[in-house]
Amino acid sequence: MKTVVADNFTFKAQNYLISHAHFDHIKGIKNHIKGFVFGSHITIEILKLFNKNMLDLYTRKIETNISYTLSNGTNPISLLASDANHCPGALMYYFKTSTKSILYTGDFRLNKKVEDFALQLKGIDVAYIDTTYAVEKYSFMSQESAIIEIIDIVRKNLDKKVYIGLYTVGKSNIIKALYEELEVRTYVEPLQAKIFKIIGLEKTITKDFSNAKIFGVDLKILWNIYNNKMEQPNSIYIIPTGWVVNPMVVRNCFYLIPYSEHCDYYELQRFLKVLSPKEFYPLVYFKGL
Ligand SMILES: [Zn+2]
């Protein structure tokens, strides 16, 4: 049995670490019977929202910058978590055994904090990294610039219905910025409202549909409206996505904005230069310890 695995429920392990609560990182969690599940406070609370059988007894909340020890009795593994600047609650994990040092980034976007953490770990043995946009054509504007762009679009269109794409967990910083800059709360569905409560952004949303001007909607629904030309009059649709490189307006009402919660190619290059791992692989190559 393994001592620890990350984002992987296909192995038998004593400890299951989860980097963040996105579906592709928690596959198989419903079938997991034994072992502790580790994640940030936010990740664990979101998992409990979706998995009613997850008990506090089997979950462990991890704080950043505190060293933990995982042990199978003979070879202790030290564990340190740091913020991954991805969706709310996302962490990256650093493991140290008696023979190896390993970083598992989970999904992440480079920022000052992530870069500082990489600098601390310079020369590490192995890194497993988020390669979602590891192709040269991907070069994203900063999240801050994308948010400024979105605020500007919303400000000019407050006489219309404004729809903004969200993930179940993610892109919520846009809603926070709209609240702070425009003092407007966004309507979200009841399940999304529970997630906003967990991530501490409850005051930025409203449950009052009839008086709302901005609506946070699952990105899949917005792409469906876009693809099937189902747009309504007097409405605009903001699609924050990593799949466009420059802001685009389509059919006068769809605003595609490159707001990414993953590194682009150039940020990944920079991250690897700072970290200087002896070896590195995509995340899925990590098979645990
Ligand atoms: Zn993710």
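Attention in this report is confined to the structure presented alongside it. The shown structure was predicted, so the numbers you read here are calculated from the model rather than taken from an experiment. What you see as residue numbers is a count from 1 along each chain, following the sequence as written. Predicted model: local features are reported for residues with pLDDT of at least 70 only, side-chain atom pairs are reported and counted for 80 or more only, and whole-chain, interface and lining totals are derived from all residues. For the side-chain quantities, the full set of heavy atoms in the structure was used; hydrogens and water were omitted.

## Looking at helix 2 (residues 112-120)
For the exposure calls, accessible area comes from a 1.4 Å probe over protein chains only, and a residue counts as buried if that area is under 20% of its type's maximum, exposed if over 50%, partly exposed in between. Only runs of H or I of at least four residues qualify as helices and only runs of E of at least two qualify as strands under DSSP, and these elements are numbered from the N terminus. Residues Val-114, Phe-117 and Ala-118 constitute the buried set of helix 2. End-on view of helix 2: buried residues confined to an arc of 100°, all on one side of the axis. Facing away from the buried side of helix 2, by more than 90 degrees, are the exposed residues Lys-112, Lys-113, Leu-119 and Gln-120. Whether two residues touch is decided by their heavy atoms; if any such pair falls within 4.5 Å, the residues are in contact. Here the buried face of helix 2 lies against strand 6 (77-83), strand 7 (91-96), strand 8 (101-104) and helix 7 (265-275). Two or three places before Lys-113, at the opening of helix 2, Asn-111 has a side-chain oxygen 3.2 Å from that residue's backbone nitrogen. The directions from the helix axis to the C-beta atoms are what the arc is built from. By the criterion applied in these results, polar contacts are pairs of N or O atoms within 3.5 Å in which, for protein atoms, one can donate a hydrogen and the other can accept it, and in which residues neighboring in sequence qualify only through two side-chain atoms.

## Some words on helix 4 (residues 172-182)
Among all positions in helix 4, only Ser-172, Ile-174, Ile-175, Ala-177, Leu-178 and Leu-182 are buried. Phi for Glu-183, located one or two positions after helix 4, is positive at around 55°.

## Some words on the coordination of the zinc ion
Note on the zinc ion: its protein donors are His-20 (NE2), His-22 (ND1), His-86 (NE2) and Asp-107 (OD). The metal-donor distances range over 2.1 to 2.3 Å. All donors of the zinc ion belong to a single chain; written as a sequence motif, their spacing is H-x1-H-x63-H-x20-D. Residue His-86 is found in the loop between strand 6 and strand 7, and its partner Asp-107 is found in the loop between strand 8 and helix 2; the two are separated by 21 residues along the sequence. When sorted by exposure, His-86 lands in the same class as Asp-107, which is buried. Here a donor is an N, O or S atom found within 2.8 Å of the metal, or within 3.2 Å if the metal is Na, K or Ca; sites may look incomplete because water is not among the atoms.

## Section: unusual backbone geometry
The phi dihedral of Glu-183 is positive, around 55°, even though this residue is not glycine. One can find Glu-183 in the loop between helix 4 and strand 11 (186-187). Classification of Glu-183 by relative accessible area gives exposed; the value is 71%. Despite not being glycine, Arg-251 shows a phi value in the positive range, around 50°. The class of Arg-251 is partly exposed, set by a relative accessible area of 33%.

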